[in-house]
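# Fold and contact review
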Amino acid sequence: MTLSAVMSALTDVPAPPAGKPRQRLFIPGPTDVHPEVLAAQTRPMIGHRSDAFESLYARCEEQLKQLFFTDSRVYILAATGSAMHEAAIRNCVGGRVICFVNGAFSQRWYDVAVGCGKEAVRVDVPWCTAVKPEQVADALTRALADGPVDAITVVHNETSTGVASPVDEIAAVVRVISPQTLVLVDAVSSFSGTRIPVDEWGLDLCLTSSQKALALPPGLAFAAVSDRALAAARTVTGRGWYFDFLLLERYLKRSTTPATPAISLMQALGVQLDRIFAEGVEARFARHHRLAARTRAWAAEKGLGLMAEEGYSSPTVTTVANTYGWEIEALNRFLAEREMELSDGYGDYKGKALRIAHMGEVWDADLERLLGAVEEFAGWR
Ligand SMILES: *Cc1c(COP(=O)(O)O)cnc(C)c1O
């Protein structure tokens, strides 16, 4: 037994996989990628119309459907999360969309909708708080007075503030008030770190990208798309070509994409999905929740405030108030000497908060090492 296995047995915490390298990045994306996954990208190229590629694609598709808890479909593209924001808007919004903005990434989705020339109704919710079903009900009811609403956009896990919004409750109220309105959800920084049962919650589109909790290199984007959303796309003009769901659907049936896929990244995806299922999906979710709880407990114990509204804290990134006025650049220089890095607060919170990401390949011992180093910087040990 290794020392970490002994420690784990004593504390009831599962041991990390053998040979796990130390985590370096505690920033909310990109996150560290396991060496086996990095190495998969150096495999020889294969043709994207080959049986080898199609079987790789089909297997990834099956596993992703399991991770999204959906029976419908998952589109896989060489793109990023923001690109999927655009794909969602182009395909699902012909007329009006309501965008709930409670942080930087939900604001981006609004900007994308405006950039696509859609009629976007922006509903601001204070940063560091969650979007609540009552706010959605209220905004939707008011907007419906002026005509139908094609879709709403909401970010599940606002990476800028460390707030998770109850998208299950939000989807439920939308269904009651306006059954034809599609519920579009960004799960870029929460997907694979917590359970998001897309079908059960009635999400019409749930998008994510590779470089956050999935712990892959940047460059792949994914969207679980419901039959309803696909049917809506048929009625929308100006879907473009690269992101056209109807075209993607045709190629998906042959386990491939219209344009050349990012083959090396797909090889890495195949290896990482196998690693995720080897750990166990529920065990992986539990690990993320355990690390989030530990980070919050540590902050409380040290007299550091938390930025996220109570009860809505993120399972993958914790935003801690910079209560002692640390110079965050100096803290990161100190951490860099120990081969670690965390994030400053976002936007207006720069210097006022620090963001500790505990997603992807982060295990308990990694987090302890980071928190220990922060304590050392603070002069507490
Ligand atoms: C990182 C992030 C994005 C942007 O994703 P890219 O892959 O960088 O385009 C969007 N939404 C959330 C919540 C994010 O954390």
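What counts and how
Residues numbered from 1 in each chain as written. Predicted model: local features only at pLDDT ≥ 70, side-chain atom pairs only at ≥ 80, totals over all residues. Heavy atoms only, no water. Helix = DSSP H or I, 4+ residues; strand = E, 2+ residues; numbered from the N terminus. Rg over C-alpha atoms; globule rule 2.2 N^0.38 Å. Contact = heavy atoms within 4.5 Å. Areas by Shrake-Rupley, 256 points an atom, 1.4 Å probe, with all protein chains shown as cover. Lys, Arg positive; Asp, Glu negative; His and termini not counted. Charge placed at Lys NZ, Arg CZ, Asp CG, Glu CD. Near = heavy atom within 4 Å. Polar contact = N/O pair within 3.5 Å; in protein donor to acceptor, adjacent residues only side chain to side chain. Nonpolar A, V, L, I, M, F, W, Y, C, P; charged D, E, K, R; others polar. Pairing = 2+ DSSP bridges. Axes fitted to C-alpha atoms, helices over the stretch in contact; angles between N-to-C directions. Buried < 20%, exposed > 50% of the residue type's maximum accessible area, 1.4 Å probe, protein only. Phe/Tyr/Trp six-rings, centres within 6.5 Å; stacked < 30°, edge-to-face > 60°. Lys NZ or Arg CZ within 6 Å of the ring centre and 35° of its normal. Domains from an automatic or database assignment. Buried area = accessible area lost by both parts, 1.4 Å probe. Salt bridge = Lys/Arg side-chain N within 4 Å of Asp/Glu carboxyl O.

## Observations regarding the overall build of the protein
In terms of regular secondary structure, the protein is built from 14 helices and 13 strands. Over its C-alpha atoms the protein spans a radius of gyration of 21 Å, differing by no more than 12% from the 21 Å that the globule rule assigns to 381 residues. Taken along the three principal axes of its C-alpha coordinates, the protein extends 60 × 50 × 35 Å. In the protein, of all internal contacts separated by at least 6 residues, the share reaching a separation of at least 24 is 71%. Accessible area for the protein stands at about 15100 Å²; split by element, carbon and sulfur atoms hold 54% of it. For the protein, the distance from the average site of its 38 positive side-chain charges to the average site of its 45 negative ones is 3 Å.

## Overview of the site of the ligand
Close contacts around the ligand come from 14 residues, with T80, S82, T159, D186 and K212 the closest. Between the ligand and G81, the relevant distance is 2.8 Å, taken from an oxygen atom to a main-chain nitrogen or oxygen of the residue. Between an oxygen atom of the ligand and a side-chain N or O atom of S209, the distance comes to 3.1 Å. Protein contacts shield 91% of the accessible area of the ligand, which totals 380 Å² for the unbound molecule. Among the secondary structure elements, those contributing two or more residues to the shell around the ligand are helix 4 (81-92) and helix 5 (104-115). Partitioned by chemical class, the residues of the shell around the ligand number three nonpolar, eight polar and three charged.

## Some points on the sheet that holds strand 4 (residues 119-124)
Spatially, seven strands are ordered 2-10-9-8-5-3-4 in an open sheet, and the strand pairing comes out mixed. Single-partner strands in this sheet number two, and they are strand 2 (74-78) and strand 4. Direction aside, the axes of adjacent strands within the sheet are offset by 20° on average. In this fold helix 10 (residues 245-252) packs onto strand 2, strand 9 (205-209) and strand 10 (220-225), with an angle of close to 100° to the strand it touches most, strand 2.

## Some remarks on unusual backbone geometry
Across the junction of G29 and P30, the peptide omega takes the value -5°, indicating a cis bond. Turning to its location among the elements, P30 is positioned in the loop between strand 1 (25-26) and helix 2 (35-40). The phi dihedral of A215 falls on the positive side, at around 55°, and the residue is not glycine. Topologically, A215 is positioned in the loop between strand 9 and strand 10. Although it is not a glycine, S255 adopts a positive phi angle of roughly 55°. For S255, the position within the fold is in the loop between helix 10 and helix 11 (263-279). By relative accessible area, S255 is classed as buried at 17%.

## Some words on the packing of aromatic side chains
Under the counting rule described, the total for this entry stands at twelve aromatic pairs. The interplanar angle of 25° and the centroid separation of 4.0 Å between the aromatic rings of F68 and F191 together place this pair among those described as stacked. Placement of F68 in helix 3 (residues 51-68) and of F191 in the loop between strand 8 (182-186) and helix 8 (198-201) is noted, with a sequence separation of 123 residues between them. When sorted by exposure, F68 lands in the same class as F191, which is buried. Members of the aromatic cluster, joined through ring pairs, are Y324, W326, F334, F377 and W380. When the ring centre of Y312 is taken as reference, the NZ or CZ atom of K132 above it lies at 4.9 Å. R338 extends its terminal NZ or CZ atom over the ring of F334, reaching a point 3.6 Å from the ring centre.

## Thoughts on the domain arrangement of the protein
Considered domain by domain, the protein is made up of domain 1 (3-34 + 281-378) and domain 2 (36-276). In this structure, domain 1 and domain 2 have C-alpha centres spaced 26 Å apart. Contacts between the two partners involve 30 residues from domain 1, matched on the other side by 36 residues from domain 2. Together, the buried faces of domain 1 and domain 2 total about 2800 Å²; carbon and sulfur atoms form 57% of this surface. In terms of surface lost to domain 2, no three residues of domain 1 exceed V33, H34 and Y312, which account for 22% of the buried area on that side. At the boundary of domain 1 with domain 2, the tally comes to three salt bridges. For R195, the salt bridge identified is with E282, shortest N-O distance 2.7 Å. The interface formed by domain 1 and domain 2 contains 22 residue pairs in polar contact (both at pLDDT 80 or more). Elements represented by at least two residues in the side of domain 1 that touches domain 2 include exactly helix 12 (281-301) and strand 11 (317-321). Of the residues in the side of domain 1 that touches domain 2, the class split is 14 nonpolar, ten polar and six charged.

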